[in-house]
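# Observations on the model geometry
In case you want the letters, here they are:
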Amino acid sequence: INQFSLSGAQQSALAIPTKFAVAPTTGVRQNLAFESLTISPNGQRMTTATENALKQDGPAATLSNGSNARILTYNLGAGTPDAEYLYVTDPIAQAPVPAGQFATSGLVELLDMGGNDFLAIERSFSVGATGAGGTGNIVKLYQFSLNGATDISGFSALDPLPGGIVAVQKTLLLDLSTLGI
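Structure report, in brief. (Residues numbered from 1 in each chain as written. Predicted model: local features only at pLDDT ≥ 70, side-chain atom pairs only at ≥ 80, totals over all residues. Heavy atoms only, no water.)

## Points about the sheet that holds strand 6 (residues 80–88)
In spatial order, the strands read 3-4-5-6; together these 4 strands make up an open sheet with antiparallel pairing. Pairing within the sheet leaves two strands with one partner each, and these edge strands are strand 3 (38–39) and strand 6. As judged from the 8 bridges shared by strand 5 (residues 68–75) and strand 6, these two strands associate in the antiparallel manner. Its bridge partner lying in strand 6, Tyr-74 is registered against Pro-81. (Pairing = 2+ DSSP bridges. Helix = DSSP H or I, 4+ residues; strand = E, 2+ residues; numbered from the N terminus.)

## Remarks on the side chain of Glu-84
Mapping Glu-84 onto the fold places it in strand 6. Here Glu-84 falls in the buried class, since its relative accessible area comes to 2%. With residues up to four places along the chain from it excluded, the contact list for Glu-84 reads Pro-17, Lys-19, Phe-20, Arg-70, Ile-71, Leu-72, Thr-150, Asp-151, Ile-152 and Ser-153. (Buried < 20%, exposed > 50% of the residue type's maximum accessible area, 1.4 Å probe, protein only. Contact = heavy atoms within 4.5 Å.)

## Examining the environment of Pro-160
Looking at the secondary structure, you find Pro-160 in the loop between strand 9 (137–145) and strand 10 (169–175). For the pair Pro-160 and Ser-7, spaced 153 residues apart in the sequence, the C-alpha separation amounts to 46 Å.

This is how it looks when you write it as structure tokens:
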């Protein structure tokens, strides 16, 4: 994660923990890596998240199961990773048409509201399916807090899920497909 000036000169870089590095059996999956990025209102914390589980954390989302995404926070004052939290995504909302075509569901955006409170957008997409607006997209807005969630930064793998881990608890605020637009 790099910071650049408006003229294009690199100003700083934040290290990404090695568990996220792409390898044959570990790390982020293709097109399911860091999709979101937010900075706390006080400018002290940056947060990102994987769209789905790392390879070693379990499967990607399916029609019947969500996926174990990781939220990664940085202490911007120190320029170092701070903590990680488990965020369980929703399953894929609709089967692709025809069956076997591309379908995914994941955590695609975050907004740090300050303290430990966040808004999250999850998006499910299936080729050929018709969701909101006649497309294969189903988009949901959630609220969650890091309070009470387990810092999982010390775990290199979450499959099988170690006992005692508490995921962030999310609350659905709005399913955009219910708006009829």
